[in-house]
Amino acid sequence: MIKLYQKPKLLWSILLTMVLITAHQSRAQDRLDLYIKEGLESNQSIKQQNFMLEKNVYALSEAKSMFLPNIAFSTTYTKADGGRTIDIPVGDMMNGVYSTLNQLTGSNSFPQLQNQQVLINPDNFYDAKFRITQPILNAELNYNKKIKTKQIGLQKAEVLLYKRELVKEIKVAYYNYLKATNAVKIYQSYLALVREGERVNRKLLDNGKINRTALVRSQNEVSKIEASIVTAIKTQESARYYFNFLLNRPQTESILIDEITALPDQTALIGEDIGNREELSKLKIAKGINEDLTGLAKSYLVPKVGASLDLGSQAFDWKFNNKSRYYLLGVSLEWNLFGFGRNSSRIKQTLAEQQAILSQTDYVQQQLLTELKVRQASMESAVAEFRAAQSQLKTSQTYYNDISKLYKEGMAIYIEVLDAQNQWVDAQLQANIALFDTWIAFTAIERANASFNIQ
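Values in this document were obtained by computation on a predicted structure and should not be read as measured data.

**Q** With reference to specific residues and values, describe the overall build of the chain.
**A** In terms of regular secondary structure, the chain is built from eight helices and six strands. Starting at the N terminus, the α and β elements of the chain follow one another as α-α-β-β-α-β-β-α-α-α-β-β-α-α. Considering only C-alpha atoms, the chain reaches an extent of 165 × 45 × 45 Å along its principal axes. Looking at the chain residue by residue over its 455 residues, the buried ones come to 35%. In the chain, once contacts between residues fewer than 6 apart in sequence are set aside, the share between residues at least 24 apart is 84%. Total accessible area on the chain stands at roughly 28200 Å², and carbon and sulfur atoms take up 57% of it. Side chains of the chain give 54 positive and 46 negative charges; the mean places of these two sets differ by 3 Å.

This is how it looks when you write it as structure tokens:
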């Protein structure tokens, strides 16, 4: 058994290796966090949801303004001729009296008058006024304000939901790109190995040491790996396109990456906390909105009281003086006493909707909890596959090293070397896939329990 305090160089080597791995891991995560920030700021779907949030904020501002006075200016002008009239028999009433007065005074100071016809419709008449209205008691306005306030919270939850889903997609796309990039590197490294094997076999054939079969097999292996590299590069390009699409960047823009060699935090495998899920927050807010809608339906029981004040001027021939100016102050009351069942039906609708929301909340809670458990099981399976792949990688590497030595000593044929090489490369590819599958599974858990800090 090695005692570390007796091996200071070994101890420092282990510590340095751990620090380097941690540094690489941290740098990769820092880059990923920067990409996530960029995606949250530039993604078009998030921008659309933010515009909807801005709309709801303005709707709340409008609801608040309903409690304040409203001032409106209006004016009318009428020009009339014909129509109904009011007959005023001025001549019939006054001409006899005026005649008697003229006789008594011996003069014509009192003229004879004609009977008058006055139009009912006002002619050349204007009415201009400012009307100030102020609600005093209106339960509908109170509930409308509450509903608009909760709708802002609902939209904020919707924005967070979009952001959380986008974070998951960015992370998965990033890990898929790393997976494809590493696969290209593995194939390229293997291509150099089989090309070297082809070169050695050609020399051995030229010297009569081997038959042509080994050279043909090595050449076939080179062609196969070259085709695999083309496929891997196309997969890498597709992963880059999708990642850049999520970040709203040019598809061909390069992606900065760093090595990821360690597994994610295993504590993600435990716990059943789904309280941070935005889906539950939305249902909770929807329940509150429905309660306000119930209150709004019941608001008919409370009378509406308001006041109004008119300040204006009205007169004929556009006259404006002390006689034309006026004010009119009024107080109104409106009370809906009976609606033939309309109000009670509206209340029953909101109560039924409330029960539906409660039932949906229970269902969604169970659904989200089940999703979390499934993701945790997938994570456990991915970790187990990664550990098995690491063990297989060590075994295949040892087997390849042993066969290579035997081949160099003339104790093994090239087919055995080629088989060992294929097993080693396959093990590297499987280990690469298993590593990033664990990170993708971890991202799925992070989405399922809403543990990633969006803020």
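There is more to say, and it comes next.
**Q** Pulling in residues and values, what's your account of the pattern of salt bridges?
**A** Evaluation of the coordinates by the stated rule reveals 23 salt bridges. Residues K373 and E272 are paired through a salt bridge, measuring 3.9 Å at the closest nitrogen-oxygen approach. Taken as a pair, K373 in helix α7 (residues 342-408) and E272 in the loop between α5 (212-246) and α6 (278-298) lie far apart in primary sequence, 101 residues in all. On the basis of relative accessible area, E272 is assigned to the partly exposed category, the value being 49%. As a salt-bridge pair, E371 and R277 come within 3.5 Å of each other at their nearest N and O atoms. A residue pair is termed long-range when its members are at least 10 positions apart, and E371 in helix α7 and R277 in the loop between α5 and α6 qualify at 94 residues. Through salt bridges that share partners, E165, K168, E169, R277, E279, E371 and R447 make up one connected network.

**Q** So, the side chain of S313: which residues are in play, and what are the values?
**A** By the secondary structure assignment, S313 is in strand β5 (residues 304-316). Setting aside residues up to four positions removed in sequence, S313 forms contacts with Y126, D127, A128, K319, F320, S324, R325 and Y326.

**Q** Requested: an account of helix α8 (residues 414-448), with residues and values cited.
**A** When the terminal C-alpha atoms of α8 are compared, their 50 Å separation across 35 residues agrees well with the 51 Å that a helix rising 1.5 Å per residue should span. For α8, a buried count of 26 out of 35 residues is recorded, marking the element as mostly surrounded by other parts of the structure. Just downstream of α8 lies A450, where phi reads positive at about 50 degrees.

**Q** Would you mind going over the sheet that holds strand β1 (residues 70-78) in detail, with residue names and values included?
**A** With antiparallel pairing, four strands are arranged side by side in an open sheet as β1-β4-β5-β6. With partners counted over all chains shown, the strands left at the sheet margins are β1 and β6 (325-334), one partner each. Within the sheet, the average angular offset between the axes of one strand and its neighbour, ignoring direction, is 20 degrees. Relative to β5, strand β4 (residues 125-137) runs antiparallel, the two being bridged by 12 bridges. Each bridged residue has a counterpart across the sheet, and for K129 the counterpart in β5 is G312.

**Q** An account of the packing of helix α4 (residues 139-206) against α5 is needed here, citing residue identities and associated values.
**A** The contact between α4 and α5 brings their axes to 8 Å, and the two run at 160 degrees. Viewed along their axes, α4 and α5 adopt a mutual orientation that is roughly antiparallel. Judged by the twist between their axes, the crossing of α4 over α5 is left-handed. Tallied by class, the residues present in the contact of α4 with α5 amount to 23 nonpolar, nine polar and eight charged.

**Q** Go over unusual backbone geometry, please, and point to the residues and values.
**A** Backbone geometry places N124, a non-glycine residue, at a positive phi of 55 degrees. Along the chain, the position of N124 falls in the loop between β3 (116-119) and β4. Classification of N124 as buried rests on a relative accessible area of 16%. Despite not being glycine, N248 has its phi angle at roughly 60 degrees, a positive value. Assignment of secondary structure puts N248 in the loop between α5 and α6.

**Q** An account of the packing of aromatic side chains is requested, with residue identities and associated values reported.
**A** As enumerated under the stated definition, the model contains 13 aromatic pairs in all. Relative to Y174, the ring of Y35 lies with its centre 6.2 Å away and its plane at 50 degrees, an arrangement referred to as tilted. Taken together, the residues Y35 in helix α1 (residues 8-42) and Y174 in helix α4 connect sequence positions 139 residues apart. Seen from their ring centres, F73 and F130 are 4.9 Å apart, and the 50 degrees between their planes marks the pair as tilted. You can see F73 sitting in strand β1 and its partner F130 sitting in strand β4, a full 57 residues away along the chain.

**Q** Lay out the packing of helix α2 (residues 44-65) against α4 in plain terms, naming residues and giving numbers.
**A** Between α2 and α4, whose axes approach to 9 Å, the crossing angle comes to 170 degrees. With respect to α4, the element α2 is oriented roughly antiparallel. In terms of residue class, the contact of α2 with α4 is made up of 11 nonpolar, eight polar and six charged.

Reading guide: rules and limits
- Residues numbered from 1 in each chain as written.
- Predicted model: local features only at pLDDT ≥ 70, side-chain atom pairs only at ≥ 80, totals over all residues.
- Heavy atoms only, no water.
- Helix = DSSP H or I, 4+ residues; strand = E, 2+ residues; numbered from the N terminus.
- Buried < 20%, exposed > 50% of the residue type's maximum accessible area, 1.4 Å probe, protein only.
- Contact = heavy atoms within 4.5 Å.
- Areas by Shrake-Rupley, 256 points an atom, 1.4 Å probe, with all protein chains shown as cover.
- Lys, Arg positive; Asp, Glu negative; His and termini not counted.
- Charge placed at Lys NZ, Arg CZ, Asp CG, Glu CD.
- Salt bridge = Lys/Arg side-chain N within 4 Å of Asp/Glu carboxyl O.
- Expected span 1.5 Å × (residues − 1).
- Pairing = 2+ DSSP bridges.
- Axes fitted to C-alpha atoms, helices over the stretch in contact; angles between N-to-C directions.
- Parallel < 35°, antiparallel > 145°, perpendicular 65-115°, else oblique.
- Left-handed = near helix turned anticlockwise from the far one by under 90°.
- Nonpolar A, V, L, I, M, F, W, Y, C, P; charged D, E, K, R; others polar.
- Phe/Tyr/Trp six-rings, centres within 6.5 Å; stacked < 30°, edge-to-face > 60°.

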